[in-house]
Amino acid sequence: MASMEALARLMRELEDQLVVCMRCGMCQSVCPVFDQTGREADVARGKLALLSGLMESMFDDPEGVYQRLNKCLLCGSCSANCPSGVSVQEIFIKARAILTGYMGLPPAKRLILKGMLAHPALFDRLTEWGARFQKIFTRPVNDIVGTSCARVMSPLIQDRHFRTLAPVPFHREVPSMDRPAGRSGLKVAIFTGCLIDKMFPAIAHSTIKVLDHLGVGIYLPDNQGCCGIPALSSGDLPTFQKLLSHNLKRFEAGEFDVLVTACATCTSTIHEMWPTMADDGHREAAARLARRTMDINQFLIDEAGLQPLTGSAATPRTVTYHDPCHLKKSLDVSSQPRAVIHAAPGCTLTEMAEPDWCCGMGGSFNLQYYDISRGIGQKKALQIQETGADTLATGCPACMIQISDMLSQAGAKVAVRHPIELLAEALGE
């Protein structure tokens, strides 16, 4: 449980931020959850009105307040379109931390967050064991999308089509690295992220391949932990602080110019949430690292000066791009991933309708409210199919999981890739 001093500080900050909301309702038109349910309680304005009386509500009906606050994707659509500049994501995260500090975590989340995620080495071992035995419980269902489904129906998995764990995680193939800057004169640190390490190691390998091609030095510390967003979005501040401290120690040991990630959620968390939610002992270090953190696509275009590659592709692709919420809405990174796609020979970009409309993943939201999540995702899958593209590119592994599920259930034959993978493929062996 977080300290009373920390909770009191969060409560004071929350009260100051809530007065900015004018209750104009602009958030209704951009909220993907409200688009599905049509309920005022599910939109930012309704939740902020609830939080105005948080102290009283927390004692009267803490479980009800907690459930309503969790019915949010934290996609940032409301903040990005708010005329008053209300930091809705930050407000909701602080409110969840206050409620969790008062109520404690549910048993399942306590086991996952405090029992596994807070211990990076243990988490690595458990997922490696899971990868070894997953074929017993799963079977492939769509080879193009790369999805599987459960052999036996379960209440948790339901009828999802999911991406399985990689046979070998990235950290086993490349435990660490410290290469000096080449002709570019730049050196980056790489924050791998859980999903890339354990489900999409090809993204990490592609990142290294492209950086090597550009003459960029690499610092890759071993034993990296989760960025902390699962704990933070669940209100578990102690686990978040533990992971933050762990990762800061890993990266403070190296020398580099920029910290890059190929995961939109990790980038947004490090850049926005680490300095905001860090405790006093880590805030300065978190802020220093946050100022040097960039999405890999942004780094390639804005810092490394990536130019279109020459040559022709073995297999031309028609690509459509989905803007991850944490990239476009939180960090204003949108043109750079498209420039990376254009730099890959043989890739023709075809825009979908509403490329920045949320895919509906939202981390644990997908587990708690799958019917709503699927409704949002089906809209995205239809927009993708209408382009006629054979490849969907996006800069967020979580979005890749959600969109793969939706495309696979729709029977679509659309590959789901990261822009850096398309670029690495063009470089050949």
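Residues numbered from 1 in each chain as written. Predicted model: local features only at pLDDT ≥ 70, side-chain atom pairs only at ≥ 80, totals over all residues. Heavy atoms only, no water.

*Asks:* Would you mind going over helix H14 (residues 237–252) with me for this structure?
*Replies:* An α-helix turns once per 3.6 residues; consequently, residues spaced three or four apart project the same way. With 16 residues, H14 should reach 22 Å at 1.5 Å per residue; the first-to-last C-alpha distance of 22 Å fits that figure. Every buried residue belonging to H14 is among Leu-237, Thr-239, Phe-240, Gln-241, Leu-243, Leu-244, Ser-245, His-246, Asn-247, Leu-248 and Phe-251, and all of these are buried. (Helix = DSSP H or I, 4+ residues; strand = E, 2+ residues; numbered from the N terminus. Expected span 1.5 Å × (residues − 1). Buried < 20%, exposed > 50% of the residue type's maximum accessible area, 1.4 Å probe, protein only.)

*Asks:* Would you explain a nonpolar patch on the surface in this entry?
*Replies:* On the surface, Trp-129, Phe-133, Ile-136 and Phe-137 cluster together into a nonpolar patch covering about 470 Å² of accessible area. By the element assignment, Trp-129 lies in helix H9 (residues 120–137). (Patch = residues over 30% accessible without salt bridge, like charges linked within 9 Å, V, L, I, M, F, W, Y side chains within 5 Å. Areas by Shrake-Rupley, 256 points an atom, 1.4 Å probe, with all protein chains shown as cover. Salt bridge = Lys/Arg side-chain N within 4 Å of Asp/Glu carboxyl O.)

*Asks:* Before we go on, may I ask you to explain the environment of Val-210 in this structure?
*Replies:* With respect to the helices, strands and loops of the structure, Val-210 is situated in helix H12 (residues 201–213). Residue classification places Val-210 among the buried positions, given a relative accessible area of 2%. Between the alpha carbons of Val-210 and Arg-9 there is a distance of 44 Å; along the sequence they are 201 residues apart. If we skip the residues at most four places from it in the chain, Val-210 touches Leu-300, Ile-420, Leu-423, Ala-424 and Leu-427. (Contact = heavy atoms within 4.5 Å.)

*Asks:* Hey, could you run me through the sheet that holds strand E4 (residues 187–191) in this one?
*Replies:* Pairing in this open sheet of 5 strands is mixed, and the strands run E3-E5-E4-E6-E7 from one edge to the other. Only two strands of the sheet have a single partner each, and these edge strands are strand E3 (177–179) and strand E7 (293–295). In this sheet, adjacent strand axes meet at a mean angle of 35 degrees when their direction is disregarded. Pairing geometry for E3 and strand E5 (residues 217–220), over 3 bridges, is antiparallel. Pairing of Arg-179 across the sheet is with Ile-218, part of E5. Against the sheet, helix H15 (residues 264–277) touches E4, strand E6 (258–261) and E7, its axis set at about 150 degrees to E7. (Pairing = 2+ DSSP bridges. Axes fitted to C-alpha atoms, helices over the stretch in contact; angles between N-to-C directions.)

*Asks:* Can you walk me through the environment of Met-116 in this structure?
*Replies:* Residue position: Met-116 is located in helix H8 (residues 107–117). In this structure, the C-alpha to C-alpha distance between Met-116 and Leu-18, residues 98 residues apart in sequence, is 34 Å. For Met-116, the contacting residues outside a window of four places in its chain are Leu-111, Phe-123 and Leu-126.

*Asks:* I would appreciate a short explanation of the nonpolar core in the present structure.
*Replies:* Note that soluble globular proteins tend to have their nonpolar side chains buried in a common cluster. Within the largest apolar cluster, 130 residues are counted, with the highest numbers of intra-cluster contacts made by Phe-299 and Leu-300. Looking at this core, the element that brings in the most residues is helix H7 (residues 88–103), giving 8 residues. (Core = buried A, V, L, I, M, F, W, Y, C linked by side-chain atoms within 4.5 Å.)

*Asks:* Can you help me understand the side chain of Arg-374 in this one?
*Replies:* Inspection of the secondary structure puts Arg-374 in helix H21 (residues 370–386). Side chain to side chain, Arg-374 and Asp-159 meet in a polar contact 2.9 Å long. Leaving out residues up to four positions away in the same chain, Arg-374 has contacts with Asp-159, Met-406 and Gln-409. (Polar contact = N/O pair within 3.5 Å; in protein donor to acceptor, adjacent residues only side chain to side chain.)

*Asks:* What's the story with the pairing of strand E10 (residues 391–394) in this structure? I'm lost.
*Replies:* Remember that side chains alternate between the two faces of the sheet whenever the strand is regular. Across the two faces of E10 the burial is the same, with Thr-391 and Ala-393 and Leu-392 and Thr-394 all buried. The parallel pair E10 and strand E11 (residues 415–417), bridged by helix H22 (residues 397–409), forms a crossover whose chirality is right-handed. (Right-handed = clockwise from strand over helix to strand, strands pointing away.)

*Asks:* Would you mind going over the sheet that holds strand E9 (residues 347–349) with me for this structure?
*Replies:* The strands that make up a sheet are held in pairs by hydrogen bonds between backbone atoms, and each pair lies either parallel or antiparallel. Pairing in this open sheet of 4 strands is parallel, and the strands run E9-E8-E10-E11 from one edge to the other. Here the strands that pair on one side only, and so sit at the sheet edges, are E9 and E11. Here the strands of the sheet are splayed against their neighbours by 35 degrees on average, with no regard to which way each runs. Note: E10 against E11, 3 bridges, orientation parallel. From the neighbouring strand, Thr-391 faces E11, where its bridge partner is Ala-415. Against the sheet, H22 engages strand E8 (317–322), E10 and E11, with an angle of about 175 degrees to E11.

*Asks:* Looking at this structure, I do not really get the pattern of salt bridges. What am I missing?
*Replies:* Pairs can form between side chains of opposite charge once their charged atoms are near each other. In total, this model carries 23 salt bridges according to the counting rule given. A salt bridge links Arg-179 to Asp-212; the shortest N-O distance between them is 2.6 Å. In this pair, Arg-179 sits in strand E3 while Asp-212 sits in helix H12, placing the two residues 33 residues apart along the sequence. A salt bridge links Lys-198 to Asp-197; the shortest N-O distance between them is 2.8 Å. Lys-198 gets classed as buried once you look at its relative accessible area, which sits at 8%. Here the salt bridges share partners, and the residues they tie into one network are Arg-317, Arg-417, Glu-421 and Glu-425.

*Asks:* Whenever I open this one, the packing of aromatic side chains confuses me. Can you help?
*Replies:* Taken as a whole and judged by the stated rule, the model has 5 aromatic pairs. On the numbers, 6.3 Å between centres and 85 degrees between planes, the contact of Phe-191 with Trp-274 is edge-to-face. With Phe-191 in strand E4 and Trp-274 in helix H15, this residue pair connects regions lying 83 residues apart in the sequence. Among the residues examined, Phe-191 registers a relative accessible area of 1% and is labelled buried. Between Phe-365 and Tyr-369, the aromatic rings sit 5.2 Å apart at their centres with planes inclined by 40 degrees, giving tilted as the arrangement. In this pair, the class of Phe-365 matches that of Tyr-369, namely buried. Taken together, the ring pairs connect Phe-191, Phe-251 and Trp-274 into an aromatic cluster. The ring of Trp-357 has Lys-379 lying over it, and the distance from NZ or CZ to the ring centre is 4.0 Å. (Phe/Tyr/Trp six-rings, centres within 6.5 Å; stacked < 30°, edge-to-face > 60°. Lys NZ or Arg CZ within 6 Å of the ring centre and 35° of its normal.)

*Asks:* Is there a simple way to explain H9 in this structure?
*Replies:* Here H9 spans 25 Å end to end across 18 residues, near enough to the 26 Å set by a 1.5 Å rise per residue. A maximum bend of about 40 degrees is found in H9 at Ala-131. Looking at H9, one finds that the buried residues are Pro-120, Phe-123, Asp-124, Thr-127, Glu-128, Ala-131 and Gln-134. Turning to H9, the residues buried within the fold contact H8, strand E1 (138–142), helix H10 (170–173), helix H11 (194–198) and H14. (Bend = angle between axes of the 7 residues up to and from the residue.)

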